[in-house]
Amino acid sequence: MGLQIIKPDTKIDFIGFRKIAFLISALVILMGLGSLVMQGGPKYGIDFAGGMIVQIKTEKQVDVETVKESLADVELPGLVVQRLGLEDDSEFLIRTSSSEVSSGEVRDMLSTALDSGLGKGGFEVQRLEMVGPKVGKDLRTKALEAMFFAVLLIAIYISGRFEQRWTAAAVMATGLFAGQYALALTGMDMAWLIVGMLAITLGLCWYLKLNYALGAVVALVHDVTITVGIFSILGKEFDLTIIAALLTIIGYSLNDTIIVFDRIRENLIGSKGKGEFKSIINTSVNQTLSRTLLTSGTTLLVVLCLYVLGGGVIHDFALALLIGIFVGTYSSIFVASPVLLGFGPTPPEVDEEPEAA
Amino acid sequence: MQSLRWRIIVSLLVLMLGLAYMLPSLPGIKGTSLGQTLPGSGINLGLDLKGGIHLTLGVDMNTAFKNAMARTGDDIKELAREDEVYVLKPVAMPGDRIEMTLLKKEQRDQFEKLLEDFQSVTIESTTSAEDGKVKYELGMNPKYRKELARMTLDQAVKTIRNRIDQFGVTEPDIRKQQASNRIQVQLPGLSDPERAIRIIGKTAHLEFKIVDQSIDPTKGILPPGRELSTRVGRDGKEVPVVLKSDAPLTGEYVTDARVSYGRMNEPYVSLSFDSKGARLFERITGENTGKLMAIVLDKKVYSAPVINEKISGGQASITGSFTTEEARDLAIVLRAGSLPAPISILEQRTVGPSLGQESIDNGINSALIGMALVLIFMVVYYGFAGVVADTVLVLNILLIMGGLAAFGATLTLPGIAGIILTIGMAVDANVIIFERIREELRKGLTARAAIEEGYSRATLTILDANVTTVIAAIILYQFGTGPIRGFAVTLTLGIITSMFTAIFVSRILFDMYAKNRAEGAKMSI
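Quick caveat: nothing in here was measured; it's all calculated off a predicted structure. (Residues numbered from 1 in each chain as written. Chains lettered and ligands numbered in written order. Predicted model: local features only at pLDDT ≥ 70, side-chain atom pairs only at ≥ 80, totals over all residues. Heavy atoms only, no water.)

A. Focus on the overall build of chain A. Helix and strand counts for chain A come out as twelve helices and four strands. Oriented by its inertia axes, the alpha-carbon framework of chain A measures out at about 80 × 55 × 40 Å. A total of 357 residues make up chain A; the buried ones form 55% of that total. Pairs at least 24 residues apart make up 78% of the contacts formed inside chain A by residues separated by at least 6 positions. Positive and negative charge centroids in chain A, built from 27 and 36 side chains respectively, lie 8 Å apart. (Helix = DSSP H or I, 4+ residues; strand = E, 2+ residues; numbered from the N terminus. Buried < 20%, exposed > 50% of the residue type's maximum accessible area, 1.4 Å probe, protein only. Contact = heavy atoms within 4.5 Å. Lys, Arg positive; Asp, Glu negative; His and termini not counted. Charge placed at Lys NZ, Arg CZ, Asp CG, Glu CD.)

Here you go:
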């Protein structure tokens, strides 16, 4: 047998750590939310807020201050200069909140200013993006919708698949759509709509005793909230690629949670309902622990390569994935399972063996 | 074990298929005779990788509606006059309505009967005044409004396509988003985005109007039927001019426009009219000899030459202080026709070609390094089983590339990220299986039995775990635009191929391994 990082007879009392884990999670979530509140909501990139970004690459290595100074006289609303990627990439992002001035004019204004500041031809425009305010709003609504539908479909899938309760899953789906319709009629903002829908989802899961789905959705909301919070603390902007990253995190986090849940379910069937639920969960988490760590490890390894070597454009995307995968791994061990414990196991109604394959 | 041969054949077939589609993407193969015989032409690269422009254009439907109503109003007035029913010139009202005033209330029935012929309008309200005049407020029929919106959008797409074709961009992608009255334009590999945007965005509404020199444009209120415009002189200064509002001739009769050069080698645009346009032009020039004729493009006077004599033959020219490029661009938009409504650029993403190349290099390099690290790790950690995992991992990447090429999907930067992520996730399936086999081995099962048990128990778990990721990917695809869709496609494809390779192909390798070993031998996992 090859190497082993986790000894086969490992028996860590993960459930015993749940109070500390909840405390840590709550703390991180509160910090993130606090940062969001202090900044008056997420910091939207131009995809969602509208505006224009121009990415330039300078011939020589210069620091941000030099670029800022040469642009000091350019009169564009909300002009911000940022370094993109790593120190020696010599790439900068120039951002303005205006989408009224034509891209040609902005290009000309920047060219003139940078030519005098950095020397003629000392830079190259690599990318220019402009998003009008209306499109930005549409994209924001669509992104939130996407996140919501992802959670919805996944909750339904888990309920059906894990507890063989497709009827309950169907009831939940109907309830959710009715709820969404009702909430949409009140004309509230999309963001609040999502919060409302998540509350309904959790409420329905709890009412219908869809405990696996409940555990998974709680873990998922946990992961997304933490990632968003940390992003906010780091002062990063939210754009379409970050949404893509968040959806990937949702997928990944569930992947992890489901593998643990799968084992719990299998062990429950094996124990014929006897034995303490707590110890079954502990055993299951321990049994899947080496897999969890190995997979997270290799995925993190690859994402780290992306983060370090992938270039400025995917830098933030990779960062979101790094945080998300880390948090997702943590939550499948310390959050999802304790939630499942808190609400008790659902006795398998039909004795469908996973060995059928 | 019997089916082993069949499974090997199936795997090899899939491998060949993947290779056949993947190979043309490699730079060394494309032009060769091997590249010619292979299906497909390799992977499409997204704009973020090869550089180019992505535009979202909004068609200003309100203007289109307003113009349509104004035209209809004029038509009604004309037709009414033929029947000797007299109405005043239609007045535009807010909300795409027009107001028409009937002079004699005795003609109400006659006028309303006439209005019935215009199915595009509905009578919103009528008010009779003391002096016998009747005011009609006309609105647009909702069904017609929808139809008009559709036609306007179609027409705009057609015009833009014409312009881009003449501009000479290879593989442009122009599609309409009916629901939001938007048009998406993708122009790969373009070096001068501003010029393309100028050409696409020009309404190019060409009119010929007569200059009214009897009125001083600098003072007073203009009499009805006159309008103020500006003319750009040779020195670049704008001079106000007064024009007669009626445009007896418009750009719709233009059949050709090209750049010519004058005596001083200065470029100008010469126009040819169709037969009806030529007749109109002849009549106008005949009636207005000695006056100035303004050539108005998008409400701006380009030139206003003196009409020396009646001009027949259907040729006209637009002079002005153009550069050759400007003249050529003007000819393009005139040739391609005018846009049915003004458009605005709602979203613009331009990626320079050098960034594209850099992105590819960075993306591929980080993918290769990440993959190499994972490959090394797997062998160190799992021994022989790690070699199996590595084999199927490489096969997996090959199949993703082949799949992307076969489905004609577009590889974007997030797409590369998707592939990198799948590398990480593909390992997951192997790890789940291997860990399970280890567990079974610890329980004391033989290698063969442990493999059997490990695979069958792991398969469902892998399936469950991956279905949820596919759900997330499908939603990403549904809502996403360009690059995000690319990510969703690679992710989905990656999950499918990783399940095939990790469950089906790796099993073959294990079965072959177990077959050639003594019953009690230890397994390298």
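B. Here's a closer look at the interface of chain B and chain A. Listed as interface residues are 63 residues of chain B and, on the opposing side, 74 residues of chain A. Interface of chain B and chain A: buried area, both sides summed, is about 6200 Å²; carbon and sulfur atoms make up 64% of it. Where chain B packs against chain A, one counts eight salt bridges. The salt bridge partner of Glu129(A) is Arg349(B), with a shortest N-O separation of 2.5 Å. Viewed at the interface, chain A and chain B are joined by 19 residue pairs in polar contact (both at pLDDT 80 or more). Every element with two or more residues in the side of chain B that touches chain A is listed here: helix 7 (193-201), strand 18 (343-351), helix 10 (353-382), helix 12 (413-442), helix 13 (447-479) and helix 14 (482-515) of chain B. A total of 17 residues in the side of chain B that touches chain A trace back to one element, the largest contributor, which is helix 13 of chain B. (Buried area = accessible area lost by both parts, 1.4 Å probe. Salt bridge = Lys/Arg side-chain N within 4 Å of Asp/Glu carboxyl O. Polar contact = N/O pair within 3.5 Å; in protein donor to acceptor, adjacent residues only side chain to side chain.)

C. Region of interest: the pattern of salt bridges. If you walk through the whole model with that rule in mind, you get 39 salt bridges over all chains. Salt-bridge contacts for Asp47(A) lead to Arg349(B); the nearest nitrogen and oxygen are separated by 2.6 Å. Taken together, the residues span two chains, with Asp47(A) in helix 2 (residues 46-49) and Arg349(B) in strand 18. One salt bridge connects Lys176(B) with Asp154(B), and the closest N-O pair in it is separated by 2.3 Å. Here the residue Lys176(B) occupies a position in strand 7 (residues 173-177), and Asp154(B) occupies one in helix 6 (residues 142-167), the gap between them amounting to 22 residues. Under the relative-accessibility criterion, Lys176(B) is labelled partly exposed at 36%. When its relative accessible area of 25% is taken as the criterion, Asp154(B) is described as partly exposed.

D. A look at the confidence of the model for chain A. Chain-level statistics for chain A give a pLDDT mean of 83 and a share of 93% at 70 or above. The low-confidence segment residues 348-357 of chain A, where pLDDT is below 50, has 15 contacts with residues more than four positions distant or belonging to other chains. (pLDDT = per-residue confidence, 0-100.)

E. Fine view of the sheet that holds strand 1 (residues 51-58) of chain A. Read across the sheet, eight strands follow the order 2(A)-3(A)-1(A)-4(A)-18(B)-2(B)-8(B)-7(B) without closing on themselves; strand pairing throughout is antiparallel. Edge strands, defined here as strands with exactly one partner in the open sheet, are strand 2 (80-84) of chain A together with strand 7 of chain B. Strand-to-strand twist of the sheet, defined as the mean angle between neighbouring strand axes without regard to direction, takes the value 20°. Direction of pairing for strand 2 of chain A relative to strand 3 (residues 91-96) of chain A: antiparallel, over a ladder of five bridges. Pairing of Leu84(A) across the sheet is with Glu91(A), part of strand 3 of chain A. Contacting strand 1, strand 3 and strand 4 (123-131) of chain A together with strand 18 of chain B, helix 4 (residues 103-118) of chain A crosses the sheet at an angle of about 150° to strand 4 of chain A. (Pairing = 2+ DSSP bridges. Axes fitted to C-alpha atoms, helices over the stretch in contact; angles between N-to-C directions.)

F. The arrangement of helix 10 of chain B in detail. Taking 1.5 Å per residue, 30 residues should reach 44 Å; helix 10 of chain B reaches 43 Å between its end C-alpha atoms and fits that length. Immediately downstream of helix 10 of chain B, the backbone of Gly383(B) shows phi near 65°, a positive value. (Expected span 1.5 Å × (residues − 1).)

G. Examining the side chain of Ser25(A) more closely. Position of Ser25(A) among the secondary structure elements: in helix 1 (residues 18-38). Under the relative-accessibility criterion, Ser25(A) is labelled buried at 5%.

H. Focus on the sheet that holds strand 6 (residues 134-140) of chain B. Residues and elements named next belong to chain B. Across the sheet, four strands lie side by side as 3-4-6-5; this open sheet has antiparallel pairing. The open sheet has two edge strands with one neighbour each: strand 3 (91-93) and strand 5 (121-128). Pairs of neighbouring strands in the sheet enclose a mean axial angle of 30°, with direction left out of account. In terms of strand pairing, strand 4 (residues 97-102) meets strand 6 through five bridges, oriented antiparallel. Among the inter-strand pairings, Ile98 is bridged to a residue of strand 6, identified as Leu138. Sitting on the sheet, helix 4 (residues 61-82) is in contact with strand 4, strand 5 and strand 6, with an inclination near 135° to strand 6. Packed on one face of the sheet, helix 5 (residues 108-116) meets strand 4, strand 5 and strand 6 and runs near 10° to strand 6.

I. Just the environment of Leu55(B), in detail. Residue and element names in this part refer to chain B. Within the fold, Leu55 resides in strand 2 (residues 52-59). According to the relative accessible area criterion, Leu55 is buried, its value standing at 1%. With 336 residues separating them in the primary sequence, Leu55 and Thr391 have C-alpha atoms 42 Å apart. Excluding its chain neighbours within four sequence positions, the residues that come into contact with Leu55 are Ile183, Gln184, Val185, Ile197, Ile200, Ile345, Glu347 and Gln348.

J. Expanded view of unusual backbone geometry. Residue Lys209(A) is not a glycine yet carries a positive backbone phi of 60°. Tracing the sequence through the fold places Lys209(A) in the loop between helix 7 (190-207) and helix 8 (211-233).

K. Molecular detail of the environment of Val489(B). Residue and element names in this part refer to chain B. Mapped onto the secondary structure, Val489 falls in helix 14. Along the primary structure Val489 and Thr410 are separated by 79 residues, whereas in three dimensions their C-alpha atoms are 8.6 Å apart. Beyond its immediate stretch of four places on either side in the chain, Val489 contacts Leu404, Ala409 and Tyr477.

L. The arrangement of the packing of helix 9 (residues 240-270) of chain A against helix 12 of chain B in detail. Viewed as axis vectors pointing N to C, helix 9 of chain A and helix 12 of chain B meet at an angle of 10°, and their least axial separation amounts to 12 Å. When the axes of helix 9 of chain A and helix 12 of chain B are compared, the pair comes out roughly parallel. Along its contact with helix 9 of chain A, which presents Thr248(A), Tyr252(A), Asn255(A), Ile259(A), Arg263(A) and Glu266(A), the element helix 12 of chain B presents Leu421(B), Met425(B), Asp428(B), Ile432(B), Arg436(B) and Glu439(B). Of the residues that constitute the contact of helix 9 of chain A with helix 12 of chain B, the class distribution is five nonpolar, two polar and five charged. (Parallel < 35°, antiparallel > 145°, perpendicular 65-115°, else oblique. Nonpolar A, V, L, I, M, F, W, Y, C, P; charged D, E, K, R; others polar.)

M. The packing of aromatic side chains, seen in detail. Residue and element names in this part refer to chain B. With the rule as written, the count across this model stands at 18 aromatic pairs over all chains. Centre to centre, the rings of Phe377 and Tyr381 are 5.5 Å apart; their planes meet at 20°, and the pair counts as stacked. Taken together, the positions of Phe377 and Tyr381, both in helix 10 and four residues apart, correspond to about one turn of that helix. A relative accessible area of 31% means that Phe377 is categorised as partly exposed. Plain terms: the ring middles of Phe384 and Tyr513 are 3.8 Å apart, the flat faces sit at 15° to each other, and that makes the pair stacked. With Phe384 in helix 11 (residues 384-406) and Tyr513 in helix 14, this pair connects stretches of sequence that are 129 residues apart. (Phe/Tyr/Trp six-rings, centres within 6.5 Å; stacked < 30°, edge-to-face > 60°.)

N. The arrangement of the pairing of strand 7 of chain B in detail. When strand 7 of chain B meets strand 8 (residues 182-188) of chain B, the two strands line up antiparallel, connected through five bridges. Bridge pairing in strand 8 of chain B places Asp173(B) opposite Gln186(B).

O. Main features of the pairing of strand 4 of chain A. Burial runs high along strand 4 of chain A: seven of the nine residues are buried. Where strand 1 of chain A meets strand 4 of chain A, eight bridges bridge the pair, whose relative direction is antiparallel. Residue pairing for strand 4 of chain A: Gly51(A) is matched across the bridge by Val131(A). Strand direction decides the pairing type here: strand 4 of chain A and strand 18 of chain B, joined by five bridges, are antiparallel. Each bridged residue has a counterpart across the sheet, and for Met130(A) the counterpart in strand 18 of chain B is Gln348(B).

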